[in-house]
Amino acid sequence: MALPFFQKKARVATITIEEDAIRYVELKSAEPVSLIQAEELFLPKGIMDSGKIADPEALSTELGKAVDQWGLSKKSVRFLAPDEFVIIRKVPYPEDVEADELKGHFFIEIGSTLYLPFEDPVFDVVPYHLDSDEPEAIIIASKESVIKDYEDIFDGVKLKPLVADITPLALYRLAYLEHDFPEDEHIMLIDMQGKKMTVSIFHEHFPMFMRPVDLTVLVADPEDPAQLLAAVEEEAEKLGNFYRYNMNEGERGITKVICNGEFGDWHAFCGRLSDRFLIDVEPLVKDSIEADGKIVPPRFNRAIGLALKEV
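Nothing here was measured: the structure is a model prediction, and the numbers come from that model.

Visitor: How should the overall build of the chain be read in this particular structure?
Guide: When helices and strands are tallied, the chain shows seven helices and 17 strands. The globule rule puts the C-alpha radius of gyration for 311 residues at 19 Å, and the 19 Å found for the chain is close to it. In terms of principal-axis extent, the alpha carbons of the chain reach across some 55 × 45 × 40 Å. Out of the 311 residues in the chain, the part that is buried amounts to 50%. The long-range share in the chain, meaning contacts at least 24 apart out of those at least 6 apart in sequence, stands at 65%. Per element, the accessible surface of the chain, about 15,100 Å² overall, is 48% carbon and sulfur. Treating the 33 positive side-chain charges of the chain as one cloud and the 59 negative ones as another, the clouds have centres 6 Å apart.

Printed below as a string of structure tokens:
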């Protein structure tokens, strides 16, 4: 079946601004996934800080270089909201509220009966289980001022910010094409980015939950890869238990774990995590993705998943 998030979009440039680099991909085909182009420009330390643009002037200079090098001037662009400023929440709503009225309904509820950890939220609402006696919706929210900062950076280098997406959805699009998950799976997606990770959980192809985790505060030595991976395993297990017992009353748990990123000794890590969950643990991309005959490293997967929004 088609995923609800696979929607036809106008062709635009796909750019991600991440902690370590600006990345750009141009999609050649979706099945199989292949690229025309995959480019990156690494950022000096201090420009980005936990999803925030710490030095707008320096970022604008670096992004301007990238736009010139990659020939992107005056193009429309899609980008990713930083994980640290994204929340996913499944919430009930009254039966008499129609699907096309959901955004207006929750606009009123936010700040009164529904709390979000942003004073200035921008959000979207996805209907979930419409035919149930107790209908629910998925709210995906971010912080408007943070999104505006990213838009201003793009505007400043003569790009046109068209749409912001979130990393879990981008990665799930790519994972779905790679693994063809059945609808009844409970998928945990672990996304490693340097010394942080984001865990998201999907069921029936809908995002149920996400949480970014700063691994440096959980270990004695953040420079020790073994300690970081041990922290990944422990936090993944905690969040898996939270999903089973807090969100599903102990009745349903994770059925598959998908990992994105660079994990050092992948096979050892995979084995340990599989032993903890007693289920399969697999990489997000099974076979290498290529651009112009060269293998594209996993750090481009977020951008690739974002590019799939157009297909």
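The discussion continues.
Visitor: Got a minute to help me understand the packing of aromatic side chains in this structure?
Guide: The description of an aromatic ring pair uses the distance of the two centres, along with the angle that the planes make with each other. This structure, assessed with the given rule, holds eight aromatic pairs. Centroid distance Phe79 to Tyr150: 6.1 Å. Interplanar angle 5°. Geometry classified as stacked. With Phe79 in strand S6 (residues 76–81) and Tyr150 in helix H3 (residues 144–156), this residue pair connects regions lying 71 residues apart in the sequence. A relative accessible area of 2% places Tyr150 in the buried class. Ring geometry for Tyr128 and Phe206: centres 5.1 Å apart, planes at 65°, overall edge-to-face. Of the two residues, Tyr128 is situated in strand S8 (residues 121–128) and Phe206 in strand S13 (residues 206–214); the sequence distance between them amounts to 78 residues. A relative accessible area of 15% means that Phe206 is categorised as buried. Every member of this aromatic cluster is reached through a ring pair, and the members are Phe79, Tyr150 and Phe154. A cation over an aromatic ring shows up here: Lys103 above the ring of Phe123, its NZ or CZ 5.4 Å from the ring centre. Over the face of the ring belonging to Phe242 we find Arg211, whose NZ or CZ atom lies 5.6 Å from the ring centre.

Visitor: Would you explain a negative patch on the surface in this entry?
Guide: On the surface, Glu95, Asp96, Glu98, Asp100, Glu101, Asp133 and Glu134 cluster together into a negatively charged patch. Along the polypeptide, Asp133 turns up in the loop between S8 and strand S9 (136–143). Note on Asp133: relative accessible area 65%, which makes it exposed.

Visitor: Explanation requested: the sheet that holds S13 in the structure shown.
Guide: Hydrogen bonds along the backbone pair up the strands of a sheet, which may run parallel or antiparallel. If you walk across this open sheet you meet the five strands as S13-S12-S11-S14-S15, and the pairing is mixed. Both outer strands of the open sheet, S13 and strand S15 (281–283), are each paired with one neighbouring strand and no more. Recorded for the sheet is a direction-independent mean angle of 20° between the axes of neighbouring strands. Across eight bridges, the pairing between strand S11 (residues 186–193) and strand S12 (residues 196–203) is antiparallel. Of the residues in S12, the one forming a bridge with Ile190 is Val199.

Visitor: Quick question: what am I supposed to make of the layout of surface pockets here?
Guide: The probe, sized like a water molecule, is rolled over the atoms to show the empty space still left. Size it by volume and the largest pocket reaches roughly 930 Å³. Around the largest pocket, the lining is made up of 32 residues, and of these Glu19, Gln193, Gly194, Lys195 and Lys196 lie nearest the centre. Of all the elements in the fold, those that place two or more residues in the lining of the largest pocket are S11, S12, S13 and helix H5 (225–247).

Visitor: Help me out: how do you make sense of H5 in this one?
Guide: Structural remark: α-helix, 3.6 residues per turn; residues separated by three or four positions point the same way. Between its first and last C-alpha, H5 extends 31 Å over 23 residues, near the 33 Å set by a 1.5 Å rise per residue. Buried within H5 are the following residues: Leu228, Leu229, Ala231, Val232, Glu233, Glu235, Ala236, Leu239, Gly240 and Tyr243. Looking at where H5 begins, the residue whose side-chain oxygen comes 3.0 Å from the main-chain nitrogen of Ala226 is Asp224.

Visitor: I tried to follow empty space enclosed by the protein on my own but got confused; where do I start?
Guide: Under the criterion given, the structure shown has three cavities of 30 Å³ or more. Taken as a whole, the largest cavity spans an internal volume of roughly 150 Å³. Together, 16 residues line the largest cavity, and Ile17, Glu18, Pro82, Asp83 and Gln193 are the ones closest to its centre. Elements that contribute at least two residues to the lining of the largest cavity include exactly strand S1 (13–17) and S6. Residue classes in the lining of the largest cavity are distributed as six nonpolar, four polar and six charged. Computed from the structure, the second largest cavity encloses a volume of approximately 50 Å³. Considering the residues around the second largest cavity, the lining is formed by Lys90, Tyr128, His203, Met208, Tyr243, Met247, Asn248 and Arg252. By residue class, the composition of the lining of the second largest cavity is four nonpolar, two polar and two charged.

Parameters at a glance
- Residues numbered from 1 in each chain as written.
- Predicted model: local features only at pLDDT ≥ 70, side-chain atom pairs only at ≥ 80, totals over all residues.
- Heavy atoms only, no water.
- Helix = DSSP H or I, 4+ residues; strand = E, 2+ residues; numbered from the N terminus.
- Rg over C-alpha atoms; globule rule 2.2 N^0.38 Å.
- Buried < 20%, exposed > 50% of the residue type's maximum accessible area, 1.4 Å probe, protein only.
- Contact = heavy atoms within 4.5 Å.
- Areas by Shrake-Rupley, 256 points an atom, 1.4 Å probe, with all protein chains shown as cover.
- Lys, Arg positive; Asp, Glu negative; His and termini not counted.
- Charge placed at Lys NZ, Arg CZ, Asp CG, Glu CD.
- Phe/Tyr/Trp six-rings, centres within 6.5 Å; stacked < 30°, edge-to-face > 60°.
- Lys NZ or Arg CZ within 6 Å of the ring centre and 35° of its normal.
- Patch = residues over 30% accessible without salt bridge, like charges linked within 9 Å, V, L, I, M, F, W, Y side chains within 5 Å.
- Salt bridge = Lys/Arg side-chain N within 4 Å of Asp/Glu carboxyl O.
- Pairing = 2+ DSSP bridges.
- Axes fitted to C-alpha atoms, helices over the stretch in contact; angles between N-to-C directions.
- 1 Å grid on protein atoms, 1.4 Å probe; cavity = no way out; pocket = protein on both sides within 12 Å on 5 of 7 lines; lining within 4 Å.
- Points joined across faces, edges and corners; volume = space filled by probe spheres on them.
- Expected span 1.5 Å × (residues − 1).
- Polar contact = N/O pair within 3.5 Å; in protein donor to acceptor, adjacent residues only side chain to side chain.
- Nonpolar A, V, L, I, M, F, W, Y, C, P; charged D, E, K, R; others polar.

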